[in-house]
Amino acid sequence: MREHLYYRDGLRVSAKRPASKYLILFPLIALAFTSSMGWADNGDRLATVGAVRTETPPVIDGRLDEPCWAQAEVTSGFIDRKTDRPAKEQTLVRVLYDNENLYIGFECEELEPENILATERKDDRFLDADDTVEILIDSFHDHRNLYVFITNTLGTRLDARDGIYGFSSAWDCNWKVACTIGEDRWFAELAIPVGELLFERSPLAVWGINFRRVEKGAQEVSSWSYRRESRARYSARDAGELTGLDLSKAKVERRPRFETYVSATGQRGRDGEVSTGADISLRLTPNMVSTFTINPDFGQIEADADTIELRDTERFLPEHRPFFREGTEVFETPIDVYYSRRFVDIDSGAKVTGGTRNWSFGLLGIDGVVSQSGQHRPGKFTVGRYVRNVADESQVGVIAMHSDRDDGTVNRVTGVDTQFYLTDRLAWTAQALNLSNQEWVTKVDRYGYEYEDLEKYKGHALSTNIRYGAKHLRLELGYLDISEEFRPDLGFIRRRDVRGPELEYEYNRELVDGPVKEYAVEGEFTQYENHDGETTLRDFEEWVGVTFRNEWGFWLGRTDDFHRPYHNRSTSLSVIYNEIDEWHSVSGMFTHGVFEEVPYDELTLEKPLKLSERLTASFSGAFRREEQPAELADIWLWRLVTEYTFPWDGRVKLTAEESSENRHNVTLLFSWPVREDLDFHLVLTHVQAEGETEEERGAFTKVVYRF
């Protein structure tokens, strides 16, 4: 099923869309066509707004009726991304500040407020189904990193960090927001603590800033500062300027912040378990933060979504655990050599991250256990990262990792990476990594006796990539070389002993008039051989799609993949109705193919439902019939998620799923933010795992206190 994929200046930052391949010549033709059409001519609006100091801070109630707001500069002129023209319903923005907060007021014209789409009430979830306003802050004004703040009309908050190589929603900030809806407009009033951002003290500070508004019903996505050819959803390069800031006396909280928890787990027929620990955060300077942890909370209240997938590699999962929130984006590199989910247990850990306009760094040390390829390794692990900005928008970085395992062996990785913007649309990225590893191996001497011997070996990983990104076209060409011995303890390396080229492209157009609303063509090609010169992987995939004005969308895709020794093929048809309004949408996909010599037909279906303003449900299912040598095998999974939010912000969520592989799972979650500094969670589970004959019933409760 086709999902969204966002890019930062043409660079993939969240891979959630089916890859696409084939039609190799199309991007070259399209590139020549776009150049001849002159799409880059004019149309840019890099705006500026002045912040006004206030001695009396506004009350965050979503009304903008305090006298201080009348003193603020009013800025508008939002541009609709689809038409490159002023948005039909404009947005007015005001900015105030004092020594503690940046205050931002949105006044959003809305002629039909009854058509506002807003459902999500839980903070830190993506708000893609709702009408929203967004603030993007580049506090060093270095055109590389952003703080992202998003809210819907219900006052639900999402904050994140967008770094050089990746987007992280794990970052957390204690900001406030309130919204109100009037007859022909709605208002959002925000207070963002300056002391929770990295910044430099200055009496004449200039920040990069941008404001965006998403109107699902009107199908407008408009930006205050706008580059016509930008492809990015979040881009520091598109930001305008926020001037008039005197941050010489900005308040930075120097007292440590504590987050502690107590949890208890009980299962039928087993002894109960109680756990406690703490995370401590300390702001050392305005641009440097330290974090410490003792037996941190690894209990995941929200389970990762279950899926049926035909894949032969591990699935990448985002990080949301408290200790890793600050500075996650600093450790991102083109090759995922550091993957914090490798840590499955931590006794203690410390981390320092920070930066200035010219550089950023991170240093991490953990005493715990990592899991790699099903093997658990206790030890002490250190990661160091430094990035130096060069030229206007380019950078060079280094990373070093050291694993001192409890069994006496060592795993070390060092590397350098770079990203250079050759033109406004063309960028080059590269990384080289070297690994030195030790392993105890069992050997047999000439007399037949076994003994343990320390074996040493080295490995390498190389990546280079050049990409072109414009409004309608994305083209990416790369080369990857990873040796069979490259096995970093903390890495997420999908394949080893591979080298070869990679090509991706995407071309899409949104039309203002006519029966067709949008059409797109996507493609991807990958070919790897091992270091003996034998082809081990050759992937081709293509998707062609069209969305009509009546909100029916159709995507036709084809894959032709060789993963030695198997030749996998598939043809898919994806249909979605009313993607704009998620709760009135329905989508499905039918696939016919062969996977590892087994022919199959697969049907997937997804239907979200909004039963009331506070009650939602979502049903998803997948059915696959495989033609085994002697019989037909039916494999299926269905999943129902129902959630209700109480007026006092408590939330109950029921997840029920059943599969053909003798597994079912029913989970009831109750979550209540009792106060701003106190959370309570209760989880009840009823599970029968795959291959198990006995059912498991359990309970998990957790109290989190922050001070």
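Residues numbered from 1 in each chain as written. Predicted model: local features only at pLDDT ≥ 70, side-chain atom pairs only at ≥ 80, totals over all residues. Heavy atoms only, no water.

1. Observations concerning the confidence of the model for the chain
Inference 1: Counting all residues, the mean pLDDT for the chain is 87, and 90% of those residues have values of 70 or more.
Inference 2: The secondary structure element of the chain with the lowest average pLDDT is strand β1 (residues 6-8), at 32, and the one with the highest is strand β8 (residues 91-97), at 98.
Inference 3: For the stretch residues 1-42, pLDDT sits under 50, and the model shows 131 contacts to residues farther than four places along the chain or on other chains.
Inference 4: In the predicted structure, residues 302-310 sits below a pLDDT of 50 and forms 26 contacts with residues beyond four places in sequence or in another chain. (pLDDT = per-residue confidence, 0-100. Helix = DSSP H or I, 4+ residues; strand = E, 2+ residues; numbered from the N terminus. Contact = heavy atoms within 4.5 Å.)

2. Examining the pattern of salt bridges
Inference 1: A full pass over the atoms with the stated rule returns 44 salt bridges.
Inference 2: Glu120 is the partner of Arg125 in a salt bridge, and the nearest nitrogen-oxygen pair spans 3.2 Å. A single burial state applies to Arg125 and to Glu120, both of which are buried.
Inference 3: Among the ionic pairs, Glu215 bridges to Arg213, the shortest N-O distance being 3.1 Å.
Inference 4: Among the residues examined, Arg213 registers a relative accessible area of 1% and is labelled buried. (Salt bridge = Lys/Arg side-chain N within 4 Å of Asp/Glu carboxyl O. Buried < 20%, exposed > 50% of the residue type's maximum accessible area, 1.4 Å probe, protein only.)

3. So, a nonpolar patch on the surface
Inference 1: Together, Phe590, Leu603, Leu605, Phe619, Phe623, Trp636, Trp638 and Leu640 make up an exposed nonpolar region whose accessible area comes to about 690 Å².
Inference 2: Ranked by residue count, the leading element in the nonpolar patch is strand β38 (residues 632-645), at 3 residues.
Inference 3: Relative to the helices and strands, Phe623 is located in strand β37 (residues 615-627). (Patch = residues over 30% accessible without salt bridge, like charges linked within 9 Å, V, L, I, M, F, W, Y side chains within 5 Å. Areas by Shrake-Rupley, 256 points an atom, 1.4 Å probe, with all protein chains shown as cover.)

4. What to know about the environment of Arg268
Inference 1: Mapping Arg268 onto the fold places it in the loop between β19 (257-267) and β20 (273-285).
Inference 2: Residue Arg268 is classed as exposed on the basis of its relative accessible area, which comes to 53%.
Inference 3: Separated by 429 residues in sequence, Arg268 and Arg697 place their C-alpha atoms 5.8 Å apart.

5. Digging into the environment of Phe331
Inference 1: Mapped onto the secondary structure, Phe331 falls in the loop between β21 (288-294) and β22 (343-355).
Inference 2: Sequence-wise, Phe331 and Lys653 are 322 residues apart; in three dimensions their C-alpha atoms are separated by 34 Å.
Inference 3: Excluding its chain neighbours within four sequence positions, the residues that come into contact with Phe331 are Tyr338, Lys351, Thr353, Gly362, Leu363, Leu364, Val383, Arg385 and Ile399.

6. Some remarks on the pairing of strand β18 (residues 240-245)
Inference 1: As judged from the 3 bridges shared by strand β3 (residues 48-50) and β18, these two strands associate in the parallel manner. Bridging from a neighbouring strand, Gly50 pairs with Thr243 of β18.
Inference 2: As defined by bridge partners, strand β16 (residues 205-215) adjoins β18 across 4 bridges and the pair is classed as antiparallel. The partner of Gly208 across the bridge, within β18, is Glu241. (Pairing = 2+ DSSP bridges.)

7. So, the packing of aromatic side chains
Inference 1: Evaluated as defined, the whole model comprises 25 aromatic pairs.
Inference 2: Note on Trp552 and Tyr577: the rings are 4.8 Å apart at their centroids and 40° apart in plane angle, and the pair reads as tilted. Placement of Trp552 in strand β33 (residues 552-563) and of Tyr577 in strand β34 (residues 566-577) is noted, with a sequence separation of 25 residues between them.
Inference 3: For the ring pair Tyr705 and Phe707, a centre distance of 5.3 Å and an interplane angle of 25° mean the geometry is stacked.
Inference 4: On the basis of relative accessibility, which here comes to 32%, the residue Tyr705 falls in the partly exposed class.
Inference 5: Taken together, the aromatic side chains of Tyr644, Phe646, Trp648, Phe670, Trp672 and Phe680 make up a single cluster linked through ring pairs.
Inference 6: When the ring centre of Tyr147 is taken as reference, the NZ or CZ atom of Arg161 above it lies at 3.9 Å.
Inference 7: Over the ring of Phe323 we find Lys351; its NZ or CZ atom is 5.3 Å from the centre of that ring. (Phe/Tyr/Trp six-rings, centres within 6.5 Å; stacked < 30°, edge-to-face > 60°. Lys NZ or Arg CZ within 6 Å of the ring centre and 35° of its normal.)

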